[in-house]
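# Secondary and tertiary structure notes
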Amino acid sequence: MPQNADLIKDHIPLFREPEYTEMFARKRECFENSHGEAKVAEVAEWTKSWDYREKNLAREALVINPNKACQPLGALFAAAGFDGTLGYVHGSQGCAAYFRSHLSRHFKEASSVVSDSMTEDAAVFGGLNNMVDGLANAYALYKPKMIAVCTSCMAEVIGDDISSFIGNAKTKESIPADFPVPFAHTPSFVGSHIVGYDNMMKGILTTFWDGKVRDAATDKINIIPGFDGYSVGNIRELKRILGMIGVEYTVLSDTSDVYDTPTDGEFRMYDGGTTQDDTIAALQAKATLSLSEYCTPATLKFIAETGQETAAFNYPMGVGATDDFLVKLVALTGKDIPEELTKERGRLVDALADSMTWLHGKKMAVYGDPDFTLSMVRFLLEMGVEPVHVLATNGTKKWEKQVKALLATSPFGKDAQVWQGKDLWHLRSLLATEPADFLIGNSYGKYLELDLGIPLIRLTFPIFDRHHHHRFPTMFYDGSLRVLTTILDKVFDTLDRESGENGISFDLTR
């Protein structure tokens, strides 16, 4: 093999060496039993046709590459935003490893999650013993302030009673009787990560608010960020804006420090997060605002039943969406919008005006979670971009109606198509037959970019193949300016690449 200590080759040039290309060819010939290249090319081309598209869209019994994760991922993400909280999966070790790796690959941070490692015997007899031993070990080894329990498919299929199991564990003195162990039932075979987030948020608030009375209402505002891969940058931007306005607030599930720990010689298994005292006191807040409507329906219903006012937004990004959030905040608090924040809005509007000629009429497809797609489409319409396809695998009929109503507000949205419940293989057919100039989504879109030649703009979770995006905001005025810049960079890079091929319009100034 050509690798040696004097000249270490990166894997890309290494695997282009003759030894590897020959090895891959022999593998295809001897083990993969593949068809000839001509036949593969013929079928591949057919899968981009309208004929295949109709067959693809008609399928019901198969899902291929859904753009969603399962409930426990969202539950663990929500739990991570509370001070000293250890996420705990009542289920198999393999499930817990998936959730840890998914979060770690996106945030480039260690994601601490334990499992009680249910195996075949637990699947037959139940997982009580696993829970008793698992909670004892987790409490003794990792010294958390709270353990948040969610379930995997195995525990849900056999019907384990998590509330009873936790009670039994306390009776057996695995953990102290007063130690907080919120839980959420999070079956992976229904819903998605945003449902898991909602279930865990409600479980945590129920643990701290149950039996207490809301009788000393304060002027504080609770903010629930929702499942957001840019939470590090967005929550910090949220705090900056709230501080600028002078709002007293509590962020319920603050992951901004948890997923952005420094390298300074000290390992932080837990860092930052909403304290238990603040979580308890949040019951007395004047109102709770959710930045992600589809991440919090059950949680907001529970909060409203306590007498608090609630309101939900769809990922405040762009001019109008940020305006809506600030108008509600001002109405609740009686505060004035400071001049500096007004200037930030004006700078965003100015930036849009500066760049509108390069974005006007561009056709873009968007996929992601319901809140992100709603917000992204709204911002694209503000830019003069024409959405072509809007897809959310975990979108609902309500989401579909919201997107269509939003598109109807602008002439730029008149030709857009909305796809509720469809996956990324559906999206491949849609883009092959009705292409877009650009694609907005997460890292999984790179396969569509490679296959169809449509440039991908990475703007939502998960982003595995790029670094540090989560450290910068995408919400509110300044965050929107970064989103605008990200989109423009891809537009200009694509223009330069295409111009450079024939030497026409390869301009220095854009």
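Our subject is the structure that appears above.
Below is a short write-up of the structure. (Residues numbered from 1 in each chain as written. Predicted model: local features only at pLDDT ≥ 70, side-chain atom pairs only at ≥ 80, totals over all residues. Heavy atoms only, no water.)

## Regarding helix 10 (residues 162–171)
Within the span of helix 10, buried status applies to Ile162, Phe165, Ile166 and Ala169. Burial along helix 10 is one-sided: seen end-on, the buried residues are contained in an arc of 100 degrees. On its buried face, helix 10 is in contact with strand 1 (85–90), helix 8 (128–142), strand 3 (146–151) and strand 4 (183–184). The residue sitting at the N-terminus of helix 10 and contributing the capping side-chain oxygen is aspartate 161; that oxygen lies 3.4 Å from the backbone nitrogen of serine 163. At the exit of helix 10 stands glutamate 173, carrying a positive phi of roughly 65 degrees. (Buried < 20%, exposed > 50% of the residue type's maximum accessible area, 1.4 Å probe, protein only. Helix = DSSP H or I, 4+ residues; strand = E, 2+ residues; numbered from the N terminus. Arc of directions from axis to C-beta. Contact = heavy atoms within 4.5 Å. Polar contact = N/O pair within 3.5 Å; in protein donor to acceptor, adjacent residues only side chain to side chain.)

## Examining the side chain of threonine 279
Note that threonine 279 resides in helix 13 (residues 276–281). You can call threonine 279 buried: its relative accessible area is 1%. Not counting chain neighbours up to four residues away, the residues in contact with threonine 279 comprise Phe82, Leu205, Phe208, Trp209, Leu252 and Thr274.

## Topic: unusual backbone geometry
Note the cis peptide between phenylalanine 461 and proline 462, where omega equals -5 degrees. Along the chain, proline 462 falls in the loop between strand 13 (456–458) and helix 21 (476–502). For serine 117, which is not glycine, the phi dihedral falls at a positive 50 degrees. Looking at serine 117, the relative accessible area reads 32%, which means it is partly exposed. Here tyrosine 315, not a glycine, exhibits a phi torsion of approximately 50 degrees, which is positive. Among the secondary structure elements, tyrosine 315 is positioned in the loop between strand 8 (309–312) and helix 15 (319–333). When its relative accessible area of 5% is taken as the criterion, tyrosine 315 is described as buried.

## Regarding the packing of aromatic side chains
Under the criterion given, the structure shown has 18 aromatic pairs. Look at phenylalanine 77 and phenylalanine 227: their rings are 4.7 Å apart centre to centre, the planes differ by 40 degrees, and that puts the pair in the tilted class. Taken together, the positions of phenylalanine 77 in helix 5 (residues 71–80) and phenylalanine 227 in the loop between strand 5 (221–224) and helix 12 (231–245) put the pair 150 residues apart, joining distant regions of the chain. Both residues of the pair, phenylalanine 77 and phenylalanine 227, count as buried. An aromatic cluster is built from Phe77, Phe107, Tyr197, Phe227, Tyr259 and Phe461, whose rings are joined through pairwise contacts. Across the ring face of phenylalanine 472, the terminal group of arginine 482 is positioned such that the distance to the ring centre comes to 4.2 Å. (Phe/Tyr/Trp six-rings, centres within 6.5 Å; stacked < 30°, edge-to-face > 60°. Lys NZ or Arg CZ within 6 Å of the ring centre and 35° of its normal.)

## Regarding the packing of helix 15 against helix 16 (residues 339–359)
At their nearest, the axes of helix 15 and helix 16 sit 11 Å apart, and the two run at 165 degrees to each other. The orientation of helix 15 relative to helix 16 falls into the category roughly antiparallel. Classified by chirality, the crossing of helix 16 by helix 15 is left-handed. Seen from helix 15, the contacting residues are Val319, Asp323 and Leu326; seen from helix 16, they are Leu341, Arg345, Leu348, Val349 and Leu352. Residue composition of the contact of helix 15 with helix 16, by class: 6 nonpolar, no polar and 2 charged. (Axes fitted to C-alpha atoms, helices over the stretch in contact; angles between N-to-C directions. Parallel < 35°, antiparallel > 145°, perpendicular 65-115°, else oblique. Left-handed = near helix turned anticlockwise from the far one by under 90°. Nonpolar A, V, L, I, M, F, W, Y, C, P; charged D, E, K, R; others polar.)

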